[in-house]
Structures are given as structure tokens and as C-alpha cells.
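A look at the structure
Chain by chain, the residues:
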Amino acid sequence: MPAQLRPDVTLTPTDDGAVLLDERSGRYYQLNRTALLVLRSLLDGRTAEETAADLSARHPVTADRARADVDRLHETLRTAGLVTTGPGTGGQSTTGPGAGGPAGTGAGTAG
């Protein structure tokens, strides 16, 4: 099962990437264009390894670095309770809110 946005998380594309709004907490998370590309890839069912290979083909970054960045973003989104994952994606479902994130994400409070 691929990564999925939780039902109470809204993804809104922007000129610079996207904003995720966690409607449960009112927190929002800003993703740059690369982070959005990674998220969409994972939501489309691609593995972290496939997503990292795509990144290293598009950007001047090693496959190992791309994989580490993909894993870090995915873990941050899971920890924040924004995405859930099922069997075969290397993660487990989480429901707790979190804060912050790796390069490419920024957390804030709406309101």
C-alpha cells in the first residue's frame, strides 16, 4: 500500500511547491518544489528507492544522498501525522502531531 495523506490533511499547490494543512491541529507545513515532487511520487505508490533514483536523475545529487533525503522527508511527514503508510512502504501508520522537518518543509501555525 502506498503512502496516503490522512483524510483531514489538505494539499494545496503553490508557485513554490505546496502547503499541507492539518485540519485537526490547524498547523500547516510548507513544501518546496522538490519536497512536493517526492511526496507526489510516494503518494503515487513509488518506493523510496524509485523516488530517490528519479531525484538523482533530475538533480546533481548522489543516489545515496537522494535516498537519505526521501527517507527523511517521509519520516517527517509520518511523524507529523500527515501521511500514513501501509505494508510494503517501509513505515507504519502514525496519528500524532509533530513539528518541524527537514530542508524543504517548514512548519507553522495557521491563524
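What this report covers is the structure whose coordinates are included nearby. Note that the coordinates shown come from a computational prediction; the quantities given were computed from them, not determined experimentally. (Residues numbered from 1 in each chain as written. Predicted model: local features only at pLDDT ≥ 70, side-chain atom pairs only at ≥ 80, totals over all residues. Heavy atoms only, no water.)

1. Quick notes on the side chain of Arg 78
Note on placement: Arg 78 falls in helix α3 (residues 63-79). Arg 78 sits in the buried class, given a relative accessible area of 10%. Separated by 2.3 Å, the side chains of Arg 78 and Glu 75 make a polar contact. (Helix = DSSP H or I, 4+ residues; strand = E, 2+ residues; numbered from the N terminus. Buried < 20%, exposed > 50% of the residue type's maximum accessible area, 1.4 Å probe, protein only. Polar contact = N/O pair within 3.5 Å; in protein donor to acceptor, adjacent residues only side chain to side chain.)

2. Quick word on the packing of helix α1 (residues 33-43) against helix α2 (residues 48-58)
A pair of packed helices is captured by two measures, namely the crossing angle of their axes and the spacing between those axes. For the pair α1 and α2, the least separation of the axes is 9 Å and the interaxial angle reads 145°. Here the hand of the crossing between α1 and α2 comes out right-handed. Across the interface between the two elements, Thr 34, Leu 37, Val 38, Ser 41 and Leu 42 from α1 touch Ala 48, Thr 51, Leu 55 and Arg 58 from α2. Split into classes, the residues belonging to the contact of α1 with α2 amount to 5 nonpolar, 3 polar and 1 charged. (Axes fitted to C-alpha atoms, helices over the stretch in contact; angles between N-to-C directions. Left-handed = near helix turned anticlockwise from the far one by under 90°. Contact = heavy atoms within 4.5 Å. Nonpolar A, V, L, I, M, F, W, Y, C, P; charged D, E, K, R; others polar.)

3. Here we look at the pattern of salt bridges
Under the definition given, this model contains 9 salt bridges. For the salt bridge of Arg 6 with Asp 8, the shortest nitrogen-to-oxygen distance reads 3.7 Å. What makes Arg 6 buried here is its relative accessible area of 16%. The partner of Arg 67 in a salt bridge is Glu 49, with the nearest N and O atoms 4.0 Å apart. Taken together, the residues Arg 67 in helix α3 and Glu 49 in helix α2 connect sequence positions 18 residues apart. For Arg 67, a relative accessible area of 33% gives the class partly exposed. Among the ionic contacts, a cluster of salt bridges with common partners joins Arg 6, Asp 8, Asp 22 and Arg 24. (Salt bridge = Lys/Arg side-chain N within 4 Å of Asp/Glu carboxyl O.)

4. Concerning α3
An ideal rise of 1.5 Å per residue puts 24 Å on 17 residues; α3 measures up with 24 Å between its terminal C-alpha atoms. For α3, the complete set of buried residues consists of Ala 66, Val 70, Leu 73, His 74, Thr 76, Leu 77 and Arg 78. Phi for Gly 81, located one or two positions after α3, is positive at around 75°. (Expected span 1.5 Å × (residues − 1).)

5. With respect to the nonpolar core
In terms of nonpolar packing, the biggest core is built from 19 residues, with Leu 20, Leu 77 and Leu 82 touching the most fellow members. For this core, the secondary-structure elements that each account for two or more residues are β4 (27-32), α1, α2 and α3. If sequence neighbours within four positions are ignored, Leu 77 has contacts with Leu 20, Leu 39, Leu 82 and Val 83. (Core = buried A, V, L, I, M, F, W, Y, C linked by side-chain atoms within 4.5 Å.)

6. Remarks on α2
If you check which residues of α2 are buried, you get Ala 48, Thr 51, Ala 52 and Leu 55. The arc that holds every buried residue of α2, seen down its axis, measures 100°, which confines them to one face. Set apart from the buried face of α2 by more than 90 degrees, the exposed residues are Glu 49 and Ala 57. The inward-facing, buried residues of α2 abut α1 and α3. (Arc of directions from axis to C-beta.)

Scope: geometric values only; no functional claims are made or implied.
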